[in-house]
Each structure stands twice: as C-alpha cells, then as structure tokens.
Amino acid sequence: CQPSAQGRLGTVTDAPDFDASADAETLYNAMKGIGSDKEAILDLVTGRSNAQRQEIVQAYKSSYGKDLIDDLKYELTGHFERLIVSLMRPQAYHDAKEIHDAIKGAGTDEKCLIEVLASRNNQQIHELVEAYKDAYGSDIEEDVTGETSGHFKKMLVVLLQGTRDEPGVVHTDLIEEDAQVLFAAGEEQWGTEESIFIMLLGNRSFDHLQMVFDKYQEIAETSIEDSIKSELSGDFENLMLAVVQCIRSVPMYFAKRLYKSMKGLGTQDNTLIRIMICRSEIDMLDIRECFRMCYEKSLYNMIKEDTSGDYKRTLLALCGGDDDLAGEFFPEAAQLAYKMWETSAMTKVQLRPTIRPASDFDPADDAQNLRKAMKGFGTDEDVIIDIVANRSNEQRQEIRQAFKSILGRDLMKDLKSELSKNLERLIIGLMLTPAEFDAKMMRKAMEGAGTDEHALIEILVTRSNEEIHAMNAAYEDGYKKSMEDAIQSDTSGRFSQILTSLVQGAREQGPADWDRALVDAQVSTSCNMTLELADACNEDSDDMEIKFMSILCTRSFPHLRRVFQEFVRCSNKDIEQIIKNEMSGDVKQAMYGIVRSVKNQPNYIAERLYKAMKCIGTDDRALIRIMVSRSEVDLFNIRKEFKETHDCSLHEFIQVETMVVSFHILHVE
C-alpha cells in the first residue's frame, strides 16, 4: 500500500467569469494619475492564469494603444516590478529571458542555466528554444555553448534538444544494464566515463531512470547522488545532481531551491521570483508539501519572514496558503516521504573525518615544541594550532603524557594559562578525550542559571551506546556525581524521562526487524489494523509521548528508519510533522532531534551548526562543541550537507558569521 502519486496541483488557475477588457481597464485605472494602486495590480495579476494575462495584454493594447508591460515597468519598482512584469510574459518567453540574462550579463549564472534546463520537459524546452529565437534573434544553443565549456556544456546541449523519452516510457530490458553501465563508468573504475552519464541521464525517461537508480543502489550500495558527488566536480557535478533530483522529484528539487534562495547569506530574489512564477500553475501545492516535509516551517511563513511589502504580498498570493497546520500529505509528497525513508534505510553512508592521525608522529618532539611555543614573553599560537590540529585525539593523549614525563608539567594547565577566550576553549576541547569533552559539555549545559536543553538533546541523540557509557564514566570521575542524577536534578517531567532513557546507552543494535517495524508503525501488513505509533496519534498527548518515547529512545536507527517508512505508508503522514503539530517544548525538540538524527545525522548536525551561527549572536559553545566532537567522526560529511542545504560552504559561513578565526584548524575548508 505504498502511497501513489496523482496529478500535480498549481495554486494559480483560470479565473471564472474572465473578461480581458474589464481587467485591462482595471489595470489602466490603477496606473493613471499620480502614483499607482499596487494592491489592485497584484490582486488582479495573481488572480489570473498566464493564458488569461496574455489576453489582458492584447486587450490593453487594443483599448489604449499602449504596451501594458511598458506601463507596468514605468509605474512599479524593485523586486515587485520584476515579479509583476515577469508574470505578464508567456512562460516560454520568461524562461528565454532568464537564460539570456544568465549568459549575457557580467559572468555566467550557471545556477540559473542548471535550474531551467534540468527541470523542463520536452515541450517546454522546444517552446523555450523558439521563444529565445523570436525574442533575441539568435540560436540559444550557440549562445549557451559560447559561454560554457567541457562536460557541463555537452550536457546542456543534450538537454536543449528536448529529446528525452516521454513519461511512461520504460525499457524494462535495459534497467539493470543501464545501472551496470553507470556503475562501470563511475564507481567501478579509476576515473569516470562522463559521456555515459550524459547519454543515459540526458535521454532516458524519468520513469525509467527512477528504476535504474534503485537498481544502481543495489549494485553499488550507495546512491547515484553520492556517486556523482565523489566522481564529478564543479558545474558539471551540480548539473548532474540537479538532473537526478528532478528525476527523483521535480517538486522536491524546487522546494530545496526555494529554501536555499532564502536561507543563505541574503535572499536570492531572482531565483525566488523565477521559481514562484514558473511553478505557480504546475505543482506549487506539491512544492509546498515537500518544503514542509524537509524543513521546520512552511514555504508561506518563510517567504513572509524573508521578504516585505507588495513584493511579499505577491509572492504569498502565488504560494497560495500556509501549510503549518496541514494534516495529511498530498499523494505526491506522501510518496516522496516514503521513498526518502526507504532510501535512508538502504543507503550505506561512509563517514569521513577531517582530522586523521599524523604520519611520522613523535610525541616527545611535539611536547618539546609546545613548551617552546609557550615559554618566554608571548605565545606562539600558530605552532600550538599547527600541532594540535594535525594530530588525532589518540596522539594528543600521548603528547599530554610525554609533556608530563619529559617536562614535569601539566600541558592542560599551561595551555589554559597561555591561551584565552574561544581559542583556549577550542584547543582545550581538542586535548581532552572524547568522553571527557562530552562530559564537560553536558556539565556546561546544566550548570549555572538556565539549562541548555538543545545541547543535552544534541549530544545524547548523536552518540553511540559505547560513547554514552564512556561519557557517563568520565562524568562521574570528573564531577563525583552520576550524569543520570545530574539530569534528573536539572530537568523535569517527560523531557527528563527522555534524557534519562537516552543516557542509559541501551539503544538496541542491529538491522531492522520488519515484522516488529510494522507493529511499531501501528500498522499490519494489510494496513487495516492500527497499532503502536498510529494508535498513539489518536490518544491524549501524555499517552502519545510515552509510546513515542518507548520506541524512539530504544530501537536501533536502522529499525527506526523502517518504522518511519511504514508510518508514512499507512497513515499518509510524516513522523516529523506529527511531532511538530502534536508535541511542544523540550519534548518536541528531543523527539524531533532523534528523528532527524535517524534520517540523516550529518544533516541534523549541519543544521545545528547553522543555527549556532545564525541566531542573534553566535553560540560559540555550540560551535566549538560540534566542531571538536565531529572532527574525527563525520565533519567531512557535515560540510557536504551544509553546502548542499545552504549553498554556502561551512568555511565561508564561519568566516562571515563569526569572529573566530581559529576554526580553520579543524579543516572545514
């Protein structure tokens, strides 16, 4: 009973009782005299389909002998003017202008080229090519190839042909063969046969390639996306990833593009305008659903917070409504949520650190050099950074011991006396063992006035049983009190119970148990019998929290991925949305943290980093805690997730958002 997709839905449709001449008169009156009635303009333009707007343009010229678009350009300004004028163009001509602007301005806007050409179907591509020729008197292929190069150019040319197999065309006898060919062209050999990727991804139908990608995952034990990231680079990599994302789900692709347009360093208004216009009559409702499935707020509210004035009101009209209080998914989003959990369950992620053991390591020599860096007047911070950042934690412990054995001094005390502020906290954090550091971070989260609940959640939901046991021992050794007692004295209620459960370090291990996953998801194989989680959603909040806690705090991550997948399959709801709508406060944050960590732990931690730097004033403690604790685990993966989500590297973001220049030592470039 996997969810099935139905027709996509736009938010802008034909207006009933449409009268082009009456609308032309309304627009004329809104613009005559001193000033203009912007509200009347935006209400009318967003309330008509693109086809109806073309009739209005013609009626305006017939009635008043003037060009409507020219008048709108004269009367309006800024982003509002660009948005309204763009809405008045036929979609193919709007696409043509976007491509023209992307290649004829100062520098090429590769992201615009990628977005438009990767997401349009054959008919839209053909109409774009004709519109470009009509509007600019030149051949779009010649103009694009004149501004691009290499494999990136070749793939753009393939996409511009608009010759992809039509929807529904599946070559069943070629599915496994195509998957094998892709595997042989990339993962299985030294170097990559880019032409194979171009030929298959540029010509096979979306339906066919979805099946190929599933088969590829079975063969390679990794997703096609991860293979592209490891085998390709630059604009070509970004283009192929966009093509794959559109093959997976066009609405999901645009949901992510919209998020990046508003969540990075400043709003990318051109991207925001382009997407809101081109999808408003096609699949905006599906995009909204995908948006709320991936992020913590609705598209409507994000636009509302990130824009202003008439520009904001027009965008919100195109968006069509707020989904924060919505219940069940539309079929398209339900299917995507199901597939997302299925992919999460199947994918074997190779965690990659950014700090590795140094070769030719000599702890005695390092100890001597650290002492020299701290002797005399002033401290040579560069030497300290160079040594500490380029040794593994195990090697640092050897340096600590050598420092005491050779020099009779405590390295930690010397570092504390010579360094200051965030550099001191960062270096000391790196010199502690992981268990000591985690114990210290837990202590800091609970001491003083106020508790840092987010830190408690983040640490406990991302540590393995073994790491939690080691942290418990280090806490008791360092603070002469059990961590469980400390948590229970500093927190209360259901939140305290959740943390107490997690701090036991007793999460089950091993693969998913399918039969038990069905029960945990509150559903039998026939989808007729309500059981654990689904049943809990219909109970009062107290009983629901207990049942959720008993499953989310104890089951293995592989098992929970299957549970959440089955939950979507039979309830048509996503576990994250249930938690968001039905729970509150610290309990909601704890449950949400577990689910996000189960789905994609590097992505969850990347979001924690983003929030640490994007709030009012950088949360330096959170920034240091994450960078130190993940540098030898999965910081490389976190960097990739950060870049993919925010369209900005972690290194760039740290430089812009903080005054901490020392984080480069953890190899975040």
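Residues numbered from 1 in each chain as written. Predicted model: local features only at pLDDT ≥ 70, side-chain atom pairs only at ≥ 80, totals over all residues. Heavy atoms only, no water.

Asks: Now, about the packing of aromatic side chains: what can you tell me, with residues and values included?
Replies: The geometry of an aromatic ring pair is captured by the separation of the ring centres together with the interplanar angle, meaning the angle of the planes. For the structure shown, the criterion picks out 13 aromatic pairs. Pairing Tyr259 with Tyr295 gives two aromatic rings, centres 3.7 Å apart and planes at 5°, and the pair type is stacked. Here the residue Tyr259 occupies a position in helix H16 (residues 250-263), and Tyr295 occupies one in the loop between helix H18 (284-294) and helix H19 (299-306), the gap between them amounting to 36 residues. Measuring from centroid to centroid gives 5.3 Å for Phe642 and Phe653, while their planes differ by 70°, and the two rings are edge-to-face. (Phe/Tyr/Trp six-rings, centres within 6.5 Å; stacked < 30°, edge-to-face > 60°. Helix = DSSP H or I, 4+ residues; strand = E, 2+ residues; numbered from the N terminus.)

Asks: Any chance you could break down the side chain of Lys229 for me, citing the residues and the numbers?
Replies: Mapped onto the fold, Lys229 is located in helix H14 (residues 224-231). Excluding residues within four positions of it along the chain, Lys229 makes contact with Glu237, Leu241, Lys640 and Glu644. (Contact = heavy atoms within 4.5 Å.)

Asks: Pulling in residues and values, what's your account of the packing of helix H28 (residues 453-462) against helix H38 (residues 620-630)?
Replies: Between H28 and H38, the least distance of the axes is 11 Å, while the angle of their chain directions is 15°. By the criterion of interaxial angle, the relationship of H28 to H38 is roughly parallel. For the element pair H28 and H38, the recorded crossing hand is right-handed. Together, Ala455, Glu458, Ile459 and Thr462 of H28 and Arg625, Ile626 and Arg630 of H38 make up the contact between the two elements. (Axes fitted to C-alpha atoms, helices over the stretch in contact; angles between N-to-C directions. Parallel < 35°, antiparallel > 145°, perpendicular 65-115°, else oblique. Left-handed = near helix turned anticlockwise from the far one by under 90°.)

Asks: Quick one: what's the story with the nonpolar core, residue by residue and with numbers?
Replies: Of all hydrophobic cores here, the largest spans 195 residues; its most connected members are Ile99, Leu201, Met276 and Met442. Of all the elements, helix H37 (residues 585-614) adds the most residues to this core, at 13 residues. Setting aside residues up to four positions removed in sequence, Leu201 forms contacts with Met155, Arg164, Leu182, Leu209, Phe213, Ile228, Met240, Val243, Val244 and Ile247. (Core = buried A, V, L, I, M, F, W, Y, C linked by side-chain atoms within 4.5 Å. Buried < 20%, exposed > 50% of the residue type's maximum accessible area, 1.4 Å probe, protein only.)

Asks: Give a description of helix H6 (residues 91-104) that names residues and reports values.
Replies: For the α-helix, the turn length of 3.6 residues means that residues three or four positions removed from each other point alike. End to end, H6 covers 20 Å across 14 residues, agreeing with the expected 20 Å (1.5 Å per residue, within 8%). Looking only at H6, the buried set comprises Ala92, His94, Asp95, Ala96, Glu98, Ile99, His100, Ala102 and Ile103. Buried-residue contacts for H6 involve helix H5 (78-88), helix H7 (110-119), helix H8 (122-136), helix H9 (140-147) and helix H17 (269-279). (Expected span 1.5 Å × (residues − 1).)

Asks: Give me the side chain of Arg48: which residues, what numbers.
Replies: Locating Arg48 in the fold gives a position in the loop between helix H2 (38-46) and helix H3 (50-64). A relative accessible area of 17% means that Arg48 is categorised as buried. Polar contacts involving the side chain of Arg48 include one to the side chain of Asp23, which spans 2.6 Å. Excluding anything up to four places from it in sequence, Arg48 contacts Val12, Thr13, Ala15, Phe18, Asp23, Arg53 and Ile56. (Polar contact = N/O pair within 3.5 Å; in protein donor to acceptor, adjacent residues only side chain to side chain.)

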